[in-house]
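So you can see what is in the structure, the chains are spelled out below.
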Amino acid sequence: MQANGAGGGQQQQPPPPSSQGPELGCLNAQNGEASSGSSAGEQLAHANGLLPSATNSSGGGGGGPSVNNGVSAPGGSAVEMGGGSGVGIGGSALKKKKRLSQSDEDVIRLIGQHLHGLGLNQTVDLLMQESGCRLEHPSATKFRNHVMEGEWDKAENDLNELKPLVHSPHAIVRMKFLLLQQKYLEYLEDGKVLEALQVLRCELTPLKYNTERIHILSGYLMCSHAEDLRAKAEWEGKGTTSRSKLLDKLQTYLPPSVMLPPRRLQNLLRQAVELQRDRCLYHNTKLDNNLDSVSLLIDHVCSRKQFPCYTQQILTEHCNEVWFCKFSNDGTKLATGSKDTTVIIWQVDPDTHQLKLLKTLEGHAYGVSYIAWSPDDNYLVACGPDDCSELWLWNVQTGELRTKMSQSHEDSLTSVAWNPDGKRFVTGGQRGQFYQCDLDGNLLDSWEGVRVQCLWCLSDGKTVLASDTHQRIRGYNFEDLTDRNIVQEDHPIMSFTISKNGRLALLNVATQGVHLWDLQDRVLVRKYQGVTQGFYTIHSCFGGHNEDFIASGSEDHKVYIWHKRSELPIAELTGHTRTVNCVSWNPQISSMMASASDDGTVRIWGPAPFVDNQDIEEECSSMDS
């Protein structure tokens, strides 16, 4: 093999002939044969397989055969790289270059493609010369240049050369169709209607491919001007942008050994960053796909101190057990319901994330065990425990009671859910009543014989999910009056909640804990460990950015947090002194969570305060899986 660099005057033996096919990514030791008529300078300056481009601003304009990062090497014969392994240092002899592995060749080609995209063409030339690799097949290089220059006839001829290198027999037809489509659109934009019609009739149509698309293309003949054509065709117009997009599509049909997929190195790096984020147990911020926003020099790690597992505030205004808490949909308010018969609405400060009492809603004689915000956050509905036959609906802005509903003193209205239209809600309880009502409490529909434990309205506006005393969740359609079984457990379902996309259900199951179900496939996905769940009603929640996390209260006085895909908790939050009945994650502030407890308090959880205090670590014990 040739040494790293062409200097030293040593005579190198040529390698044995390769048995590999024409699409091989690396050349022989002499870096491939130049095409007839090319000078020795061109062999070196463009050994990467790309056609000569404009002189790089970092190097000289001469066609000399020696390049040192864009500068001619002394004597015009030797090529040096700082610290290169094949170049003698202090007079030592040149070493023979090791044969590159396939992975090394791939890395060199990826780096070369990236550098070429940055315009560092002379650097690419030197890299390919020293490594003995080729960036892409010469036929692919010609094809690329002819496409970007709009020389469509030459590009079609290039396809014939590429045909033996393409694995799929239909790929060439598809590639030719894409080429001719671009040619047709550019003729139309230039006002060459007859030429465009010729392409449509005599070149595109005979391919007998995608006739539906050909009909659409023929309609563009009626476009009155270029802007109209670009708008209807959703096309950028003649030029570099549309041709680059065309080339990206064409490259998908070529093997990577012939032509690398576009921006391959950037895509691999982006995938690596995303994978690290996905594996990060505490990642709780919006994903930014821009590589400029992260460092590629270090691994992605989120600190537990950035996670909402530290007490930020303790709300003590309730004078009895707090049974429920729920943030509004816009994240600006928190509603808490208590055995003391009150609902307190708290305002979230957008800057400090501190909560202050906004108003107290009184009069619910049974205590408040469940609360539901309307989709627009203008109304709040409150339900009571098992013996409660009343439902209360307040106007949040004014604090006025709009509706006090009771169909019968025999009713048990313990759960409620809003229809997505915000004009209706469903309510029911364990005595066999299941109603759909308007904002004034007027009965719209009813479903008899369903002993409801918990309710949820799906986004389709028709289906209501209800857990019942038969340890199941069923779907009820009020329009066609049909129902179907969706989830079946072996123990009572005390409560459940649904993810924003409607795909997943999170269940608190008596004596079993927290279970995650896939509603579409109707399968149990995961059982989360750690939580203590008896026959008390405990409400869990999805939360964090993209709902990647799950949180639940527990009868052991703790709040447990899991990553959605991990059965073991990533954090156990201590501080409450009695059963934690409910947990709510702020839907807009991913670092804020609230928990309600029988100890009469509501705790607001957030990231660690900006103090160096080791005692604060004791508040959050992490059990990384």
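About the cut-offs
Residues numbered from 1 in each chain as written. Predicted model: local features only at pLDDT ≥ 70, side-chain atom pairs only at ≥ 80, totals over all residues. Heavy atoms only, no water. Pairing = 2+ DSSP bridges. Helix = DSSP H or I, 4+ residues; strand = E, 2+ residues; numbered from the N terminus. Axes fitted to C-alpha atoms, helices over the stretch in contact; angles between N-to-C directions. UniProt positions renumbered as here; feature names shortened; annotations may be inferred. Buried < 20%, exposed > 50% of the residue type's maximum accessible area, 1.4 Å probe, protein only. Core = buried A, V, L, I, M, F, W, Y, C linked by side-chain atoms within 4.5 Å. Contact = heavy atoms within 4.5 Å.

Here we look at the sheet that holds strand E1 (residues 310–315)
Backbone-to-backbone hydrogen bonds join strands into a sheet, with any given pair of strands oriented parallel or antiparallel.
Step number 1: Strand order in the open sheet formed by 4 strands is E1-E28-E27-E26, with antiparallel pairing between adjacent strands. Among the strands making up the open sheet, the edge pair consists of E1 and strand E26 (580–585). For this sheet, the mean angle separating the axes of adjacent strands, direction not counted, is 25°.

Brief notes about the sheet that holds strand E20 (residues 513–518)
Step number 1: Judged by pairing direction, the sheet is antiparallel, and its 4 strands sit side by side in the order E18-E19-E20-E21 without closing on themselves. In this open sheet, the two strands that pair with only one neighbour each are strand E18 (493–498) and strand E21 (523–528). Ignoring which end each strand starts from, the neighbouring axes of this sheet average 25° apart.
Step number 2: Examined bridge by bridge, E18 and strand E19 (residues 504–509) share 5 bridges and lie antiparallel to one another. Residue Phe496 lies in a different strand from E19, and its bridge partner there is Leu507.

Some points on the UniProt feature "repeat: WD" (unreviewed entry) in the protein
Step number 1: Per the UniProt annotation, the sites labelled "repeat: WD" (unreviewed entry) are residues 315–349, 361–392 and 573–605.
Step number 2: Helix and strand shares over residues 573–605 are 0% and 48% respectively, and the end C-alpha atoms of the span are 9 Å apart.

Things to note about unusual backbone geometry
Step number 1: The backbone phi angle of Asp377 is positive, close to 65°, even though this residue is not glycine.
Step number 2: Considering the arrangement of structural elements, one finds Asp377 in the loop between strand E6 (370–373) and strand E7 (379–383).
Step number 3: Overall, Asp377 belongs to the buried group, its relative accessible area being 8%.
Step number 4: Residues other than glycine seldom take positive phi values, yet Arg522 does so here, at roughly 60°.

Describing the nonpolar core
Step number 1: Among the nonpolar cores identified, the biggest contains 44 residues, and Leu334 and Leu380 are the most heavily contacted of them.
Step number 2: What Leu334 contacts, discounting residues up to four positions off in sequence, is Leu315, Cys325, Lys326, Phe327, Ile344, Ile345, Trp346, Leu355, Trp373, Ala594, Val602 and Ile604.
Step number 3: By size, the runner-up hydrophobic cluster in this structure holds 21 residues, among which are Phe307, Tyr310, Ala551 and Ile570.

With respect to the environment of Tyr435
Step number 1: Structurally, Tyr435 can be placed in strand E12 (residues 434–438).
Step number 2: The class of Tyr435 is buried, set by a relative accessible area of 9%.
Step number 3: For the pair formed by Tyr435 and Glu448, sequence separation is 13 residues and the distance between their alpha carbons is 8.6 Å.
Step number 4: Every residue in contact with Tyr435, bar those within four places of it in the chain, is listed here: Met405, Gln407, Asp411, Leu413, Phe425, Val426, Thr427, Leu443, Asp445 and Ser446.

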